[in-house]
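In case you want the letters, here they are:
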Amino acid sequence: NPTGGILEKQVFHVHLTLSGDNTDCEPIRVHKPSDVILVLDISSSMGESARLGLGEQKIAGAKQAAKAFVEKLDPKQDRVGLIVFDDSAEVLHSLEADSGNLNKAIDGLGSRGGTAIHEGLRVALDEMKVMRRAGVLGTIVLLSDGGSDQGLALQQAAGIREENIRLVTVGF
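None of these values were measured; they are calculated from a predicted model.

Q: Hey, could you run me through the pairing of strand β2 (residues 79-85) in this one?
A: A regular strand places its side chains so that they alternate between the two faces of the sheet. With seven of seven residues buried, β2 is to be regarded as a mostly interior element. In β2, alternate side chains face the same way, and those of Arg79, Gly81, Ile83 and Phe85 on one face and Val80, Leu82 and Val84 on the other are all buried. Sheet topology places strand β1 (residues 34-41) next to β2; seven bridges connect them, and they run parallel. For Val36, the partnering residue across the bridge sits in β2 and is Val80. Pairing analysis gives five bridges linking β2 to strand β3 (residues 89-96), with the strands arranged antiparallel.

Rendered as structure tokens:
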């Protein structure tokens, strides 16, 4: 309750409670089109067990997560691509709506080589710059156990941010 003075120098706490019945309002779900590139680590460390005693390799979890993610996309609005990396990176599936071949490519992945996250991110950014649709949200999803040169990876992440592309990381 203000008692006087200059309002700019006083702090007021306002508590507002709203209540109502939402039966008249139907929920609205809006799905905005997305261009997503999955960047999957296939380095030899991804062939190691995810947790002691469980026996499942990290690569198996990453492949399962990638396929589950692709399944949630709307092929009428969304496009997805796949970049894999170990010591180097390559585009296995260009950014497109057809995810059938993508799932086959994911199934065929195995682990090998070293880890160069920065290369995976660099190739993903190059692909996104060329293939991303105008006005569509661009997202790069990195699936990795993280064993890489942190400085180089952070430089690539900064470049992704400068292009207004979302970067999501999933650790294994």
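Q: Is there a simple way to think about the pattern of salt bridges in this case?
A: Where charged atoms from two side chains of opposite charge come close, those side chains can pair. On inspection of all chains with the given rule, the structure shows nine salt bridges. Between Arg79 and Asp35 there is a salt bridge, and its shortest N-O distance comes to 3.1 Å. A residue pair is termed long-range when its members are at least 10 positions apart, and Arg79 in strand β2 and Asp35 in strand β1 qualify at 44 residues. You'll find Arg79 and Asp35 in the same group, each marked buried. Residues Lys58 and Glu48 are paired through a salt bridge, measuring 3.7 Å at the closest nitrogen-oxygen approach. Remark: Glu48 occurs in the loop between β1 and α1 (58-72) and Lys58 occurs in helix α1; sequence separation between them is ten residues. Judged by its relative accessible area of 11%, Lys58 is buried. Exposure remark for Glu48: the relative accessible area of 45% places this residue in the partly exposed category. A cluster of three or more residues bridged by salt bridges with shared partners is formed by Asp35, Arg79 and Arg133.

Q: Which parts of the structure should I look at to understand the packing of helix α3 (residues 117-131) against helix α4 (residues 150-162)?
A: Angle between the axes and distance between the axes are the two parameters that describe a pair of packed helices. It is at 8 Å that the axes of α3 and α4 come closest, and there the two elements cross at 20 degrees. Here α3 is positioned roughly parallel relative to α4, judged by the angle of their axes. In the packing of α3 onto α4, the handedness of the crossing is left-handed. Facing Ile117, His118, Leu121, Arg122 and Leu125 of α3, the residues of α4 in contact are Leu152, Ala153, Gln156, Ala157, Gly159 and Ile160. Taken together, the residues of the contact of α3 with α4 sort by class into seven nonpolar, three polar and one charged.

Q: For this particular structure, what's the right way to read the nonpolar core?
A: Ranked by size, the top nonpolar core spans 18 residues in total, and within it Leu38, Leu40, Val80 and Leu82 carry the most contacts. No other element matches α1, which puts four residues into this core. Excluding residues that lie within four positions of it along the chain, Leu40 makes contacts with Ile59, Ala62, Ala66, Leu82, Ile83, Val84, Phe85, Leu109 and Leu143. Membership of the second largest hydrophobic core comes to 17 residues, among which are Ile37, Ile83, Ile117 and Ala153.

The rules behind the values
Residues numbered from 1 in each chain as written. Predicted model: local features only at pLDDT ≥ 70, side-chain atom pairs only at ≥ 80, totals over all residues. Heavy atoms only, no water. Buried < 20%, exposed > 50% of the residue type's maximum accessible area, 1.4 Å probe, protein only. Helix = DSSP H or I, 4+ residues; strand = E, 2+ residues; numbered from the N terminus. Pairing = 2+ DSSP bridges. Salt bridge = Lys/Arg side-chain N within 4 Å of Asp/Glu carboxyl O. Axes fitted to C-alpha atoms, helices over the stretch in contact; angles between N-to-C directions. Parallel < 35°, antiparallel > 145°, perpendicular 65-115°, else oblique. Left-handed = near helix turned anticlockwise from the far one by under 90°. Contact = heavy atoms within 4.5 Å. Nonpolar A, V, L, I, M, F, W, Y, C, P; charged D, E, K, R; others polar. Core = buried A, V, L, I, M, F, W, Y, C linked by side-chain atoms within 4.5 Å.

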